[in-house]
Amino acid sequence: MKLKQKHQYLDIVTAVVLSAISIYIITESCWIIKDSKVKLYTSPGLMPLILGIFLLLCSLILLKRNIEKLVLKKILSNFKLLFESFIRDSNTINILKGIIFLAIYVFLLVPNFRFWLASLIFLISIMSIFRATSLVRICIISILSVVSINVLFQVIFHVPLP
Amino acid sequence: MISQYIIDALQQLLIPINFITLLISVFFGLLVGMLPGLTATMAIALLTGLTYRIAPDTAILSLVGVYVGSISGGCQSAILLNIPGTPASAATATDGFKIAKRGEGGLGIFLATTSSFLGTVISIFCIILLTPLLTKFALKFGSYEFFLLALFGVVICGNLTSGDDSLKGWISGILGLFIAQIGLDGLNSYPRFSFNNIELMGGITLIPVMIGLFGFPEVINAFMKEEKQILNITKFKMTEGFKIIKKNIVTVIRSGLIGVMVGIIPGVGEDIGGWLSYWAAKTNSKAKETFGQGNYEGVIAAEAGNNACVGGAIIPILSLAVPGSAPAAVLLAAFWLHGLRPGPLMMKETPYFLYQLCIFLTAGAFMMWILSQIISKFTVRVLQINKQILMPVIFVLCTVGAFVINNRIFDVYLMFIFGIVGLFLAKLNYPAAPFLLGVILGPMADTNLRRALVLSKGSLKPFFTRPISIFFIVLIMVLILSQLNFVKGLKKELVKGAK
């Protein structure tokens, strides 16, 4: 599948998701307008309502524009092809691995361990997984980085760390 | 009075701790600018947290130093690697790399950094001349005008940063405006979209959003394979460099003025300033065909233009409290954190700040030029650092940067979430700048719209009868209608000509 076509399919998916988000925003804004019991033009729901309407409009234009360019019959079958090629791409796998590591660091390690320990575990493991350099160098770089950050922020600038 | 303000600012500069801070921050900025994947916005956002607890003058000096250094630093990797260190140096790579390939890398970097210095100086003159004028104009703004200004900022940013597809820029801007609505609203303190979460009721903090949007995608990109060939810096004679600059002085001045004008436009960044200046130089050149083949004028125009945007982007901050670019947006957030209130009343409340900032910028530009000449042979080794080592360390710094503003882990979570948003925006070709501008201008748009409607008792008539409002409405309509197909052809010609 050509790159331009890939982007068109991705735009269709994005347009559908954005339309759903905008419908939620509009619905919630209407509820806020009703609940706040003030005039519409002073209501806290006014701006979100306007934004929701414009977002819906833009999403529908985006959807219409991209569906027009593609042959309707082939859209569904090509989605399957796009998804398969996306999953098999090595860069995609690396990106997903990276995101998982970053998520583990932010949501699991930092809240539950001391910052220096969480960062050390994170740096050593992520550099090892991606084979950045030899294990000894990874450990040295990680220890030096964590020590430098601690000294710079906590000792020199008295900035509390997570 | 003005001379007193300037003397005070110079005295501030000569305090040893401030001088050393300037030196370190410009050096840090040059390094950040040089490394592909690290941006000026990220550097300023990280440093904002680091400098939160130090004296405001020292903090502002360090941020200005990083800003100037990082915008200029990108030229080194653009010239030696053909990969711009920051988006601002994208136009520099077009001719810069070809100059380096024929063995004149040192001369190329000298021309780039000298043009950057001159571009910044031109923009400083414009700050002094234009800021008081724009401030006087801004004092005539009411709620109606401020609402339309916010809308104008998002629309024009969406137009200019999204290439061929302004619709994506506007969607990005609308999403940013929506994010700013989360939390207690400014007029009634009603909790919006907070899901009964106390942290969300406080609203979305700006710095974690910025770090996430601009830093996270680059950290993730480090996990993708890349190959690079780095050329060497060669010796050259400075007198030869100065002769070339003198020969192209008209280009420097023109590019500087273009950069300032581009910088003034809300949300439009240094990269557009660089490209427009390059395009103007090429269009006015008698040797158009040599552009893209290693023409010195191409490098000079691009670098003078992108650095002039630094000063240009600061003009609307000081006069309207509206940032002219993404790094300027972080600078604005930093000003707020340190208790400064740039905007229409700045010239009345804190008039010294304008001159202090100009002195700091001048010193930063001069320091950048000196450091670039002295250390470029050493700093080029930084380009050889493996990204898979550097980026995880950068992410740890991003985590710290997100945490230190409010000392809450929730901001770190926000940084991650907006990082994912930034990644999707990047992969789906949605520009991040309108999103960021929307987050910054969202509160201004919301409170001013409702305040305006309260004043007019729900009537929209003042929007169409006040002269400045009419001006903004016409401008916004032109910007939207200009995206119709027949006008888009004109834009394509501009971009084609520049490349």
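Model, not experiment: these values are computed from the prediction.

### As for the overall build of chain A
Part 1: Along chain A, the regular secondary structure elements total 6 helices and 0 strands.
Part 2: Long-range contacts, defined as pairs at least 24 residues apart, comprise 54% of the intrachain contacts of chain A with a sequence gap of at least 6.
Part 3: On chain A, roughly 9,400 Å² of surface is accessible, and the fraction owed to carbon and sulfur atoms is 72%.

### Notes on the overall build of chain B
Part 1: Per the secondary structure count, chain B includes 22 helices and 2 strands.
Part 2: Radius of gyration (C-alpha) of chain B: 22 Å, near the 23 Å computed for a compact globule of 499 residues.
Part 3: The C-alpha extent of chain B, read off along each of the three principal axes, is 70 × 55 × 50 Å.
Part 4: The 499 residues of chain B split such that 64% are buried.
Part 5: Within chain B, counting contacts between residues at least 6 apart in sequence, those at least 24 apart form 80% of the total.
Part 6: Counting only carbon and sulfur atoms, one obtains 68% of the accessible surface of chain B, whose full area is about 18,500 Å².
Part 7: Charged side chains in chain B number 36 positive and 22 negative. The centres of these two groups are separated by 4 Å.

### As for the environment of Leu14(B)
Residues and elements named next belong to chain B.
Part 1: Relative to the helices and strands, Leu14 resides in helix α1 (residues 2–14).
Part 2: Taking relative accessible area as the criterion, Leu14 reaches 65% and is therefore assigned exposed.
Part 3: When the C-alpha positions of Leu14 and Ile272 are compared, they lie 35 Å apart, and in sequence the two are 258 residues distant.

### Section: the interface of chain A and chain B
Part 1: Each partner contributes to the interface: chain A provides 59 residues, whereas chain B provides 56 residues.
Part 2: Carbon and sulfur atoms supply 81% of the area that chain A and chain B bury against each other, a total of about 5,300 Å² over both sides.
Part 3: Taken as a group, Tyr41(A), Met47(A) and Leu102(A) account for 12% of the area that chain A buries against chain B, more than any other trio of residues on that side.
Part 4: Scanning the region where chain A abuts chain B turns up 2 salt bridges.
Part 5: A salt bridge links Lys168(B) to Asp11(A), with the nearest nitrogen and oxygen atoms 2.9 Å apart.
Part 6: Only α1 (3–36), α2 (46–69), α4 (90–112), α5 (115–129) and α6 (135–156) of chain A provide two or more residues apiece to the side of chain A that touches chain B.
Part 7: For the side of chain A that touches chain B, the leading source of residues is α1(A), giving 13 residues.
Part 8: Among the residues forming the side of chain A that touches chain B, the class breakdown is 42 nonpolar, 13 polar and 4 charged.

### Here we look at the environment of Leu13(B)
Residues and elements named next belong to chain B.
Part 1: Turning to its location among the elements, Leu13 is positioned in helix α1.
Part 2: A relative accessible area of 10% means that Leu13 is categorised as buried.
Part 3: Residues Leu13 and Asp57, spaced 44 residues apart in sequence, show a C-alpha to C-alpha distance of 9.1 Å.
Part 4: With residues up to four places along the chain from it excluded, the contact list for Leu13 reads Asn18, Phe19, Leu22, Leu61, Ile359, Phe360 and Ala363.

### Things to note about the packing of aromatic side chains
Part 1: Applying the stated rule across the entire model yields 26 aromatic pairs over all chains.
Part 2: Connected via pairs of aromatic rings, a cluster forms that spans Tyr105(A), Phe107(A), Phe122(A), Phe216(B), Phe395(B), Tyr413(B) and Phe416(B).

### Thoughts on the UniProt feature "transmembrane region" (unreviewed entry) in chain A
Residue and element names in this part refer to chain A.
Part 1: In this structure's numbering, the residues bearing the UniProt feature "transmembrane region" (unreviewed entry) are residues 12–34, 46–65, 86–107, 113–130 and 135–157.
Part 2: Secondary structure content for residues 12–34 is 100% helix and 0% strand, and the end C-alpha separation is 33 Å.
Part 3: Counted over residues 46–65, helix gives 100% and strand 0%. Its end C-alpha atoms are 29 Å apart.

### Brief notes about the confidence of the model for chain A
Part 1: On average, residues of chain A carry a pLDDT of 85, and 83% of them reach 70 or more.
Part 2: Taken element by element, the predicted model of chain A shows its lowest mean pLDDT in helix α3 (residues 72–88) of chain A (64) and its highest in α5(A) (92).

### Notes on the packing of α4(A) against helix α9 (residues 206–221) of chain B
Helix-helix packing: each pair is described by the crossing angle between the helix axes and the interaxial distance.
Part 1: With their axes 9 Å apart at the nearest point, α4(A) and α9(B) run at an angle of 125° to one another. Here α9(B) runs oblique to α4(A), going by the angle between their axes. With respect to the hand of their crossing, α4(A) and α9(B) are arranged in right-handed fashion. Judged by residue contacts, Ile95(A), Gly98(A), Ile99(A) and Leu102(A) of α4(A) engage Phe216(B), Val219(B) and Ile220(B) from α9(B).
Part 2: By residue class, the composition of the contact of α4(A) with α9(B) is 6 nonpolar, 1 polar and no charged.

### Quick word on α9(B)
Part 1: Here α9(B) spans 23 Å end to end across 16 residues, near enough to the 22 Å set by a 1.5 Å rise per residue.
Part 2: Considering bend angle alone, the principal kink of α9(B) is centred on Gly215(B) and spans about 35°; proline Pro217(B) follows within four residues of it.

### So, the pattern of salt bridges
Residue and element names in this part refer to chain B.
Part 1: Tallying each qualifying case throughout the model produces 10 salt bridges over all chains.
Part 2: Here Glu297 ties to Arg254 by a salt bridge, and the two come within 4.0 Å at their closest N and O atoms. Of this pair, Glu297 sits in helix α13 (residues 296–320) while Arg254 sits in helix α11 (residues 249–264), and the two are 43 residues apart along the sequence.
Part 3: Owing to a relative accessible area of 23%, Arg254 belongs among the partly exposed residues under this scheme.
Part 4: Note that Arg408 is salt-bridged to Asp411, the shortest N-O span being 3.1 Å.
Part 5: Judged by its relative accessible area of 18%, Arg408 is buried.
Part 6: Using a relative accessible area of 0% as the deciding quantity, one classes Asp411 as buried.
Part 7: Each of Asp185, Arg192, Asp446 and Arg450 takes part in one network of salt bridges that share partners.

### Regarding the environment of Met261(B)
Part 1: By the secondary structure assignment, Met261(B) is in helix α11.
Part 2: The partly exposed category is assigned to Met261(B), whose relative accessible area is 46%.

### A closer look at the confidence of the model for chain B
Part 1: When pLDDT is averaged along chain B, the result is 85; 92% of the residues meet or exceed 70.
Part 2: Element-level pLDDT for chain B is lowest in helix α22 (residues 485–498) of chain B, with a mean of 62, against a maximum mean of 93 in helix α7 (residues 166–179) of chain B.

### A short note on helix α2 (residues 16–34) of chain B
Every α-helix winds through 3.6 residues per turn, so residues three or four apart in the chain are directed the same way.
Part 1: Taking 1.5 Å as the rise per residue, α2(B) with 19 residues should run 27 Å; its terminal C-alpha atoms sit 27 Å apart, in good agreement.
Part 2: For α2(B), the full list of buried residues reads Asn18(B), Thr21(B), Leu22(B), Ser25(B), Val26(B), Gly29(B), Leu30(B), Leu31(B), Val32(B), Gly33(B) and Met34(B).

What counts, and where the lines are drawn
- Residues numbered from 1 in each chain as written.
- Chains lettered and ligands numbered in written order.
- Predicted model: local features only at pLDDT ≥ 70, side-chain atom pairs only at ≥ 80, totals over all residues.
- Heavy atoms only, no water.
- Helix = DSSP H or I, 4+ residues; strand = E, 2+ residues; numbered from the N terminus.
- Contact = heavy atoms within 4.5 Å.
- Areas by Shrake-Rupley, 256 points an atom, 1.4 Å probe, with all protein chains shown as cover.
- Rg over C-alpha atoms; globule rule 2.2 N^0.38 Å.
- Buried < 20%, exposed > 50% of the residue type's maximum accessible area, 1.4 Å probe, protein only.
- Lys, Arg positive; Asp, Glu negative; His and termini not counted.
- Charge placed at Lys NZ, Arg CZ, Asp CG, Glu CD.
- Buried area = accessible area lost by both parts, 1.4 Å probe.
- Salt bridge = Lys/Arg side-chain N within 4 Å of Asp/Glu carboxyl O.
- Nonpolar A, V, L, I, M, F, W, Y, C, P; charged D, E, K, R; others polar.
- Phe/Tyr/Trp six-rings, centres within 6.5 Å; stacked < 30°, edge-to-face > 60°.
- UniProt positions renumbered as here; feature names shortened; annotations may be inferred.
- pLDDT = per-residue confidence, 0-100.
- Axes fitted to C-alpha atoms, helices over the stretch in contact; angles between N-to-C directions.
- Parallel < 35°, antiparallel > 145°, perpendicular 65-115°, else oblique.
- Left-handed = near helix turned anticlockwise from the far one by under 90°.
- Expected span 1.5 Å × (residues − 1).
- Bend = angle between axes of the 7 residues up to and from the residue.

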